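One-letter residues, chain by chain:
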Amino acid sequence: MSQKIPKLTVVGAGPGDVDLITLKAIKVLKSADVVLYDALVNEELLDYINPNAEQIFVGKRRGCYRYQQEQINDLIVARAKSHGHVVRLKGGDPFIFGRGAEEMEYVANYGIETAMVPGISSSLAVPAYQNIPLTKRGSSESFWVITGTTKEHKLSNDVALAAKSNATVVVLMGMGKLPEIIKLFQQENKNNLPVAIIQNGTRTNEKVGIGTVDTIVEIVEKNELSNPAIIILGEVVNHRAILSEVKQEYSRVLIQ
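Because the structure is predicted, anything quoted here is derived from the model rather than measured. (Residues numbered from 1 in each chain as written. Predicted model: local features only at pLDDT ≥ 70, side-chain atom pairs only at ≥ 80, totals over all residues. Heavy atoms only, no water.)

*Asks:* In this structure, what is going on with the pattern of salt bridges? I would like to understand it.
*Replies:* One side chain can pair with another of opposite charge once the charged atoms of both are near each other. Inspection of every chain in the model, using the stated rule, returns eight salt bridges. Where K164 meets E188, a salt bridge forms, and the shortest distance between an N and an O atom there is 3.0 Å. With K164 in the loop between α5 (158–163) and β9 (168–172) and E188 in the loop between α6 (178–187) and β10 (194–199), this pair connects stretches of sequence that are 24 residues apart. In this structure K164 comes out as exposed when scored by relative accessible area, which is 56%. (Salt bridge = Lys/Arg side-chain N within 4 Å of Asp/Glu carboxyl O. Helix = DSSP H or I, 4+ residues; strand = E, 2+ residues; numbered from the N terminus. Buried < 20%, exposed > 50% of the residue type's maximum accessible area, 1.4 Å probe, protein only.)

*Asks:* What's the story with the sheet that holds β9 in this structure? I'm lost.
*Replies:* Strand pairing within a sheet occurs via backbone hydrogen bonds; the two strands may be parallel or antiparallel. Taken in spatial order, the five strands make up an open sheet running β8-β9-β12-β10-β11, and their pairing is mixed. Looking along the sheet, the strands with just one partner apiece sit at the ends: β8 (143–147) and β11 (207–212). With strand direction ignored, the average angle separating the axes of adjacent strands in the sheet is 15°. Relative to strand β12 (residues 229–233), β10 runs antiparallel, the two being bridged by five bridges. Bridge pairing in β12 links I198 to I230. Together, β8, β9, β10 and β12 form the strand contacts of helix α4 (residues 122–129), whose direction differs from that of β12 by roughly 75°. With respect to the sheet, helix α7 (residues 216–223) is in contact with β10 and β11, its orientation differing from that of β11 by roughly 155°. (Pairing = 2+ DSSP bridges. Axes fitted to C-alpha atoms, helices over the stretch in contact; angles between N-to-C directions. Contact = heavy atoms within 4.5 Å.)

*Asks:* What is the right way to read the side chain of D33 from this model?
*Replies:* For D33, the position within the fold is in the loop between α1 (23–30) and β2 (34–37). Of the residues examined, D33 reaches a relative accessible area of 14% and is grouped as buried. In terms of polar contacts, D33 uses its side chain to reach the side chain of K4, at 2.6 Å. Residues within four places of D33 in sequence aside, it is in contact with K4, A53, E54, H83, G84 and H85. (Polar contact = N/O pair within 3.5 Å; in protein donor to acceptor, adjacent residues only side chain to side chain.)

*Asks:* It is not clear to me how the nonpolar core should be interpreted in this structure. Could you clarify?
*Replies:* Ranked by size, the top nonpolar core spans 23 residues in total, and within it I181, F185, I197, I231 and L233 carry the most contacts. For this core, the secondary structure elements donating two or more residues are α5, β9, α6, β10, α7 and β12. In terms of residues, this core owes the most to one element, α6, which gives four residues. Setting aside its immediate chain neighbours within four residues, L233 contacts A167, T168, V169, V171, I181, I182, F185, L193, P194, V195 and V213. Membership of the second largest hydrophobic core comes to 21 residues, among which are A13, I21, I26 and V28. (Core = buried A, V, L, I, M, F, W, Y, C linked by side-chain atoms within 4.5 Å.)

*Asks:* Help me understand the environment of S156, please; the structure alone is not making it clear to me.
*Replies:* Topologically, S156 is positioned in the loop between β8 and α5. As a C-alpha pair, S156 and I146 span ten residues in sequence and 7.5 Å in three-dimensional space. With residues up to four places along the chain from it excluded, the contact list for S156 reads I146, T147, G148 and T150. At a separation of 3.1 Å, a polar atom in the side chain of S156 contacts the main-chain amide nitrogen of D158.

*Asks:* Explain the sheet that holds strand β1 (residues 7–12) to me, please; I cannot follow it from the model alone.
*Replies:* Taken together, five strands build an open sheet; the order of strands is β3-β2-β6-β1-β7 and the sheet is parallel. Of all the strands in the sheet, the pair left with one neighbour each is β3 (54–57) and β7 (113–117). Strand-to-strand twist in this sheet, taken as the mean axis angle between neighbours without regard to direction, amounts to 20°. For β1 and strand β6 (residues 85–90), the ladder comprises six bridges, and the chain directions are parallel. If you follow V10 over to β6, its bridge partner there is R88.

*Asks:* Sorry if this is basic, but what is going on with the side chain of K90 here?
*Replies:* Here K90 shows up in strand β6. Since its relative accessible area comes to 4%, K90 is described here as buried. Side-chain polar atoms of K90 contact the side chain of E103, separated by 3.4 Å.

*Asks:* Would you take a moment to explain unusual backbone geometry for this structure?
*Replies:* When glycine is set aside, most residues are seen to have a negative phi, and most peptide bonds are trans. The residue after N227, namely P228, is reached through a cis peptide bond having omega 0°. Topologically, P228 is positioned in the loop between α7 and β12. Residues other than glycine seldom take positive phi values, yet H153 does so here, at roughly 65°. One can find H153 in the loop between β8 and α5.

Just distances and angles here, no functional claims.
Okay, here's the thing in structure tokens:
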């Protein structure tokens, strides 16, 4: 075991639906000697792991940390040196607010080889599963993906900048700051801007709330929406309803 070359591969597990993991990610899981996985990873994906590999849950649930980040970093280094190939399986894409880059940089300082397998980000896939495109000709020419909570546990200043634009705005990890986010958009007179909040996106227990800047907080309370969820603000949210209307109209024509 000690003769194996130490290596870390950071792997994106996708947003939740097990079918959204990549073939390359599955191949890497089959070659792992140790897999450290997070709370947002669908546990069905663990079936793809090399049966002889050690599996360690290092995620956070409801504010309770199984491991602190510093402990995870040290664990990766220790297991890579003692076992060989460590796979760090993280939800979504590890390079989008996933600390994947930080972990790779840390272990590289110990002379350990690193590799990265991108994952499908929830910022893209979760809206898409609800027929919400992030860009659409005539509605949105760009999009922002912003963390709702910075390292200092504050709302990112970029939200205020994004609220001034005509871009689609996607906020990850922002449910705890929803009233603050809404206030920024109201200050830009975007009271009627469509908003979607999607909890457990792409999973079987997915929940959706659709409203406007002025109504979404009430809708969240009514539907008991909470983390893990993403917030989408922009005219593109209307595409979901437009597509539904087109389908209904087509069905009526066929019946006639």
